[in-house]
Amino acid sequence: MIVCKFGGTSVASAEQIKKVANIVKSNPERKIVAVSAPGKRSGDDIKVTDLLIELADAALNNGNVEEKIHTVVSRYQAIAEGLGLDQLICDVIAQDLRGRVAGDQSNHELFIDNLKASGEDNNAKLIAAYFNLAGLPAKYVSPKDGLILNDLPERTYALPEAYENLSKLADEKEIIIFPGFFGYTKDGVLRTFDRGGSDITGSILASAVGAKLYENFTDVDCVFAANPKVVNDPVEIKEITYREMRELSYAGFSVFHDEALMPVYKQGIPVNIKNTNNPSAPGTRIVPTRPATGRPVTGISADGGFSILYVSKYLMNREVGFGRRLLQIIEEENISYEHTPSGLDDISVIMRSNQLTPEIEERIVRRVREELYADDVHFRHDFSMIVIVGEGMRNNTGLAARAATAISATGANIEMINQGSSEVSLVFGVRSEFENQILKALYSEFFAAVPSA
Ligand code: ASP
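Now for a quick tour of the structure. Only a predicted model underlies this, so the values are computations on that prediction, with no experimental measurement involved.

**So, the environment of Leu-147**
Link 1 in the chain: Along the chain, the position of Leu-147 falls in the loop between β3 (138–140) and β4 (148–149).
Link 2 in the chain: Separated by 36 residues in the primary sequence, Leu-147 and Gly-183 have C-alpha atoms spaced 5.1 Å apart.
Link 3 in the chain: Other than its neighbours up to four places away in sequence, Leu-147 contacts Ala-158, Ala-162, Leu-166, Phe-178, Phe-182, Gly-183, Tyr-184, Phe-193, Thr-201 and Ile-204.

**Observations concerning the site of the ligand**
Link 1 in the chain: The environment of the ligand is made up of Ser-36, Lys-47, Thr-49, Glu-120, Phe-181, Arg-195, Gly-196, Gly-197 and Ser-198.
Link 2 in the chain: Note that an oxygen atom of the ligand is positioned 3.3 Å from one of the side-chain N or O atoms of Lys-47.
Link 3 in the chain: Here Gly-197 contributes a backbone N or O atom positioned 3.3 Å from an oxygen atom of the ligand.
Link 4 in the chain: Surface burial for the ligand is 94%, taken as the share of its 260 Å² of free accessible area covered by protein chains.
Link 5 in the chain: For the shell around the ligand, the class distribution of residues is 1 nonpolar, 5 polar and 3 charged.

**A look at the packing of aromatic side chains**
Link 1 in the chain: All chains considered together, the criterion is met by 5 aromatic pairs.
Link 2 in the chain: Arranged with centres 4.6 Å apart and planes meeting at 10°, the rings of Phe-6 and Phe-217 form a pair that is stacked. Residue Phe-6 is located in strand β1 (residues 2–6), and its partner Phe-217 is located in strand β8 (residues 213–218); the two are separated by 211 residues in the primary sequence.
Link 3 in the chain: Given a relative accessible area of 0%, Phe-6 falls into the buried group.
Link 4 in the chain: With centroids separated by 6.1 Å and ring planes inclined at 75°, the aromatic side chains of Phe-182 and Tyr-184 adopt a geometry described as edge-to-face. Exposure class is identical for Phe-182 and Tyr-184. Each is buried.

**Structural notes on the packing of helix α3 (residues 65–83) against helix α5 (residues 108–133)**
Link 1 in the chain: Interhelical geometry of α3 versus α5 gives an angle of 10° and a closest axis separation of 11 Å. Relative to α5, the element α3 is oriented roughly parallel. For the pair α3 and α5, contact is made by Tyr-76, Ile-79 and Leu-83 and by Ser-118, Gly-119, Asn-122, Asn-123, Leu-126, Tyr-130 and Leu-133, respectively.
Link 2 in the chain: Residues that form the contact of α3 with α5 fall into these classes: 6 nonpolar, 4 polar and no charged.

**Focus: helix α12 (residues 399–408)**
Link 1 in the chain: Listed in full, the buried residues belonging to α12 are Leu-399, Ala-403, Ala-406 and Ile-407. Burial along α12 is one-sided: seen end-on, the buried residues are contained in an arc of 100°.
Link 2 in the chain: Buried residues along α12 sit in contact with β17 (376–389), β19 (425–431) and α13 (435–447).

**Focus on the sheet that holds strand β5 (residues 175–179)**
Link 1 in the chain: Spatial strand order, β3-β5-β2-β1-β8-β12-β13-β11: 8 strands in an open sheet with mixed pairing. In this open sheet, the two edge strands, each paired with only one partner strand, are β3 and β11 (239–241). Going across the sheet, the axis of each strand differs from the next one's by a mean of 20°, ignoring polarity.
Link 2 in the chain: When β8 meets strand β12 (residues 271–275), the two strands line up parallel, connected through 5 bridges. Following the sheet pairing, Glu-215 is matched in β12 by Asn-272.
Link 3 in the chain: Here α5 sits on the sheet and contacts β2 (30–35), β3 and β5; the angle it forms with β5, its principal contact strand, is near 160°.

**Let's talk about the nonpolar core**
Taken as a class, soluble globular proteins show a tendency for nonpolar side chains to be buried jointly.
Link 1 in the chain: Core analysis: the biggest nonpolar cluster contains 76 residues, and Ile-388 and Leu-442 have the highest contact counts within it.
Link 2 in the chain: Beyond its immediate sequence surroundings of up to four residues, Leu-442 is in contact with Ile-300, Ile-386, Ile-388, Ala-403, Ala-406 and Ile-407.
Link 3 in the chain: The next biggest cluster of nonpolar side chains, apart from the first, holds 50 residues, and it includes Tyr-76, Ile-79, Ile-93 and Phe-131.

**Points about the environment of Asp-86**
Link 1 in the chain: Along the chain, Asp-86 falls in the loop between α3 and α4 (88–101).
Link 2 in the chain: Distance in space between the C-alpha atoms of Asp-86 and Thr-201 is 28 Å, their sequence separation being 115 residues.

**Structural notes on the packing of helix α10 (residues 322–332) against helix α11 (residues 358–372)**
Link 1 in the chain: The N-to-C vectors of α10 and α11 enclose an angle of 150°; their axes lie 10 Å apart at closest approach. With respect to α11, the axis of α10 lies roughly antiparallel. Of the two elements, α10 crosses α11, and the hand of that crossing is right-handed. Touching Phe-322, Arg-325, Leu-326, Ile-329 and Glu-332 of α10 are Ile-364, Arg-367, Val-368, Glu-371 and Leu-372, all from α11.

**Looking at the state of the cysteines**
Link 1 in the chain: Applying the stated criterion across every chain yields a total of 0 disulfides.
Link 2 in the chain: Here Cys-222 stays unpaired: no disulfide links it, and the sulfur of Cys-4, its closest cysteine neighbor, is 19 Å away.
Link 3 in the chain: Cys-222 gets classed as buried once you look at its relative accessible area, which sits at 3%.

The rules behind each value
- Residues numbered from 1 in each chain as written.
- Predicted model: local features only at pLDDT ≥ 70, side-chain atom pairs only at ≥ 80, totals over all residues.
- Heavy atoms only, no water.
- Helix = DSSP H or I, 4+ residues; strand = E, 2+ residues; numbered from the N terminus.
- Contact = heavy atoms within 4.5 Å.
- Near = heavy atom within 4 Å.
- Polar contact = N/O pair within 3.5 Å; in protein donor to acceptor, adjacent residues only side chain to side chain.
- Areas by Shrake-Rupley, 256 points an atom, 1.4 Å probe, with all protein chains shown as cover.
- Nonpolar A, V, L, I, M, F, W, Y, C, P; charged D, E, K, R; others polar.
- Phe/Tyr/Trp six-rings, centres within 6.5 Å; stacked < 30°, edge-to-face > 60°.
- Buried < 20%, exposed > 50% of the residue type's maximum accessible area, 1.4 Å probe, protein only.
- Axes fitted to C-alpha atoms, helices over the stretch in contact; angles between N-to-C directions.
- Parallel < 35°, antiparallel > 145°, perpendicular 65-115°, else oblique.
- Arc of directions from axis to C-beta.
- Pairing = 2+ DSSP bridges.
- Core = buried A, V, L, I, M, F, W, Y, C linked by side-chain atoms within 4.5 Å.
- Left-handed = near helix turned anticlockwise from the far one by under 90°.
- Disulfide = S-S within 2.5 Å.

Honestly, it's all geometry; don't read function into it.
Structure below.
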């Protein structure tokens, strides 16, 4: 059995949904289909999920709710029309949205989640109706029937019983159309995953039914070794390990959600990233292990939006518990950190800047100074992390030197180097203004004129 997931652009219009039906029809093993909300139909379009967030904002701030509902419904209307479906389905969607808007607003996060989730929920119902019309016996299944999530305030994840419940889907005769992106707590409260979270739903389903393959359909032929918007004509990655993909999606590779790897990884189920608009292209396979290639580096990613908390104190290395107390202060601000490179008398804590506000920074700096008696403590902003990833890096000497030389040729200063103990990745912290230049320089250092992976 194959579990497929179709992303926003694959289900954004009637034309796209017809392609989805053809893809599913062409292989009877494709039995479970997770779907996103309608995404962008063109570059300047707006995703339905974003329209729903606007609707939720309008509802919370006494805005024009009816106008926003109309905008969302008209997206489904165009799809239903193009698919030859009964327009009644759009009245049902409008009713559904009004019901959600009238729901409990006491917890804003949950209220917004409930509206956001309607994007996938209504699309799944509509797609199931179309499959039946097109002669593909299909059934919409609600996440309520099994995708059980943890409670607030923790980040959303599926509880072990979710896998057990959903395993029963393997016995269904019809094709299952399952909305991505959300599930329910044991108490029946709807919660969504992070943005892009339909990838996670698909992965949970694949793991639950023990699928032989998880196909993730999107709008590109494959994953590239570097961002094609920055690097000219980067090589295509045909095969990549879970670990490599995890490292790359951490820093900017947005083709596949980084949290979506865990459920399939645990079961060793391969993932195939494929293009709805070109389904015969082989795509990129994410696998547990792969044979070594002639190239040590598989991909290079870059992501901005990092801040560094710099702390120095003479004889820090002798002070038992300094690191723990520093990280506790960060934890108490509910901030997650990414790296903590350290020297004898100093330590830096690298974190995503979007977690910080001037007030939080001020509190952290004051506490570190007063409670840890630091000599110097300050924040620096506008950093990017450049990540070089490859299973083959472990068996290759001199890679760090080559990377550092390529970076220094751009005139950028390396603010931080971190090599994880797995030796699958090498991370460089640099000022964001140099990000694109460095990506190009590293790409030509490691990929110019080497055989493809
Ligand atoms: N529709 C949601 C989003 O735009 C989830 C998804 O498509 O994966 O983030």
